[in-house]
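Working through the structure, step by step
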Amino acid sequence: MKELHYKWEPYLKYGQRFEVEKNKVIYRQGHSGRGFYYLSIGEINITLLSEKGNERIINVVPPGMLFGEHGVHQEPYLTSATAACPSVIYFFSDEAAAAIYAEHPEASVIYTESLIYKFRTLAEILSLIESPVEQQMAYYLLKLSEENGSASMNQTSFAKYIGTSRITLNRVIQKWKQENYIILHNRQIVIKDMEKIKAIANQ
């Protein structure tokens, strides 16, 4: 949801700023919530652990977005968050959020819209888990394009995103290349025919 990018910037003075290294776990699925976060610089991988113990990336948070919104009022985090690269984040406790909303009522609307978007995304992802790999790949490429302004992603990360092997992923990639749906540029998957990818995602 690109319209939410950087909307939280005016309230950063209320948060605690942290610099985190690559692979640093920000919060873990199931742990009691401590508040929510804002990504200023870097990239955050959001992962979901299934009942079978399989972990997969379900979202990639770009700079300018909130994440972990479901961890307020000590509610358990529904996902885990890990820094994909050195990143700068801001943490907002329940107390900090209350102070923001008291002085800036419009901030509660931004938070609520972001939370609703995350719940909707999680529901869509859960509904797709048993779908064919090709349909999941198309959905995630479109989602990346919507959220990050770019649909490109390297194959290793994309395999984790889908929860499949690189062999399976590469088979679909080669098929899509031959059909001219995508191109590979600097080891990144880039959509070339958006309408075809949308058709696959909506099968």
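Read on for a plain summary of the structure. (Residues numbered from 1 in each chain as written. Predicted model: local features only at pLDDT ≥ 70, side-chain atom pairs only at ≥ 80, totals over all residues. Heavy atoms only, no water.)

A few words now on the sheet that holds strand E3 (residues 36–41). Read across the open sheet, the 4 strands follow the order E1-E8-E3-E6; overall the sheet is antiparallel. Strands with a single pairing partner mark the edges of an open sheet, and in this sheet they are strand E1 (16–20) and strand E6 (65–67). Taken pair by pair, the neighbouring strands of this sheet meet at an average axis angle of 30 degrees, ignoring direction. Sheet analysis places E3 next to strand E8 (residues 87–92), joined by 5 bridges and oriented antiparallel. Paired with Tyr37 across the two strands is Phe91, which belongs to E8. (Pairing = 2+ DSSP bridges. Helix = DSSP H or I, 4+ residues; strand = E, 2+ residues; numbered from the N terminus. Axes fitted to C-alpha atoms, helices over the stretch in contact; angles between N-to-C directions.)

Moving on, we get to the pattern of salt bridges. Scanning the model with the defined rule gives 4 salt bridges in all. In this structure, Arg17 engages Glu19 in a salt bridge whose closest nitrogen and oxygen atoms are separated by 3.1 Å. Of the residues examined, Arg17 reaches a relative accessible area of 47% and is grouped as partly exposed. Judged by relative accessible area, which is 61%, Glu19 ranks as exposed. (Salt bridge = Lys/Arg side-chain N within 4 Å of Asp/Glu carboxyl O. Buried < 20%, exposed > 50% of the residue type's maximum accessible area, 1.4 Å probe, protein only.)

With that out of the way, let us pick up the nonpolar core. The biggest cluster of nonpolar side chains holds 62 residues, and the ones touching the most others in it are Trp8, Ile26, Ile44, Phe67, Phe92, Phe158 and Trp176. With residues near it in sequence (within four places) discarded, Ile26 still touches Val20, Arg34, Tyr37, Ile44, Phe67, Ala81, Thr82, Ala83 and Ile89. (Core = buried A, V, L, I, M, F, W, Y, C linked by side-chain atoms within 4.5 Å. Contact = heavy atoms within 4.5 Å.)

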